[in-house]
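Given next are the chains, with one letter for each unit.
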Amino acid sequence: MKKVVIFNLILLVGLTLLGLGYAWWSKTLTTQGKVSTGEVDWEFEGGTFNCKDPIVPPTNDWNCDFGFLNIRQVDKNVGGTIGVFEDPDGDGDFDTLKVTFDNVYPCYYEHITFWVRCNGSMPIIIKKVIIDGHEFTGLPSYVTLDLNGDGKNDVEIRYGDNFGAQLDPGISADMSFDIHVLPDAPQCESLSFTIEIVAGQWNM
């Protein structure tokens, strides 16, 4: 009986020492890593707003019929359109375009072309356009807007180009808007609206 107790005691001490030895031999390895994320960003490129200023240059107006039919230049220089790129969130990017009509009239027609540039480090796609707070996606596209809140549509707008197209960093894409002033537009008022572009990260 004593031999069994002594054997068990020796076995217990041996296992304890083995456990201590294992603990002494164990080791924790620590690794460090760094992840650098990209930026999704875009802006309007200035200097490419192709509408007619009411003063410079002194070119004659363009007119059209409803539905953008019969687009034509007329023999009068009366109305004009001014476009101003704005940075409402103060991040240094011009991401809103304010369009203002000056002394326009029913049938007055304007064509706007501008560029959207990917200025972040990630590829993007153009997903939708916001015109005067109204969101639109995809093509073809056509919208009428009441700009002064009197319940009557003042302009019809159609837009196109490059929805769903991939823009790599530093690459620009053009977009165009046709605008036609309708008969219910108010007299003696300045009509204006904003254009915003919404883009997102492009994934294969």
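Residues numbered from 1 in each chain as written. Predicted model: local features only at pLDDT ≥ 70, side-chain atom pairs only at ≥ 80, totals over all residues. Heavy atoms only, no water.

(A) Seen up close, the overall build of the chain. The number of helices and strands found in the chain is one helix and 13 strands. Reading the secondary structure of the chain in the N-to-C direction produces α-β-β-β-β-β-β-β-β-β-β-β-β-β. Residue pairs in contact within the chain that sit at least 24 positions apart in sequence constitute 69% of those at least 6 positions apart. (Helix = DSSP H or I, 4+ residues; strand = E, 2+ residues; numbered from the N terminus. Contact = heavy atoms within 4.5 Å.)

(B) Inspection of the packing of aromatic side chains at higher detail. Evaluated as defined, the whole model comprises nine aromatic pairs. Relative to Phe-193, the ring of Phe-101 has its centre 6.2 Å away and its plane inclined at 55 degrees; by these criteria the two rings are tilted. Residue Phe-101 is located in strand E5 (residues 96-102), and its partner Phe-193 is located in strand E13 (residues 191-201); the two are separated by 92 residues in the primary sequence. Note on Phe-193: relative accessible area 2%, which makes it buried. Taken together, a centroid distance of 5.6 Å and an interplanar angle of 25 degrees make the contact between Tyr-159 and Phe-177 stacked. Taken together, the residues span a long stretch of sequence, with Tyr-159 in strand E10 (residues 155-160) and Phe-177 in strand E12 (residues 172-181) at a distance of 18 residues. Accessibility assignment for this pair places Tyr-159 and Phe-177 in one class, buried. (Phe/Tyr/Trp six-rings, centres within 6.5 Å; stacked < 30°, edge-to-face > 60°. Buried < 20%, exposed > 50% of the residue type's maximum accessible area, 1.4 Å probe, protein only.)

(C) Main features of the environment of Asn-60. Assignment of secondary structure puts Asn-60 in the loop between strand E1 (42-45) and strand E2 (62-65). Here the alpha-carbon distance between Asn-60 and Val-74, two residues 14 residues apart in the chain, equals 6.3 Å.

(D) Highlighting the pairing of E5. Where strand E4 (residues 80-86) and E5 come together, seven bridges link them in antiparallel fashion. Each bridged residue has a counterpart across the sheet, and for Glu-86 the counterpart in E5 is Thr-96. Judged from the six bridges that link them, E5 and E13 form a sheet pairing that is antiparallel. Each residue of the ladder has a partner; that of Thr-100, found in E13, is Ser-192. (Pairing = 2+ DSSP bridges.)

(E) Region of interest: the nonpolar core. Residues Phe-114, Val-129, Ile-131, Ile-157, Phe-177 and Phe-193 are the most contacted members of the largest nonpolar core, which totals 37 residues. Those elements giving two or more residues to this core turn out to be E1, E5, strand E6 (108-118), strand E7 (124-131), strand E9 (141-145), E10, E12 and E13. In this view, Ile-157 contacts Phe-68, Ile-131, Ser-141, Tyr-142, Val-143, Leu-145, Phe-177, Asp-178, Ile-179 and Phe-193; residues no more than four positions away in its chain are not counted. (Core = buried A, V, L, I, M, F, W, Y, C linked by side-chain atoms within 4.5 Å.)

(F) Here's a closer look at the pattern of salt bridges. By the definition in use, this model includes four salt bridges. A salt bridge links Glu-135 to Lys-128; its shortest N-O distance comes to 2.8 Å. The shortest N-O distance in the salt bridge between Asp-178 and Arg-158 comes to 2.8 Å. Taken together, the residues span a long stretch of sequence, with Asp-178 in strand E12 and Arg-158 in strand E10 at a distance of 20 residues. (Salt bridge = Lys/Arg side-chain N within 4 Å of Asp/Glu carboxyl O.)

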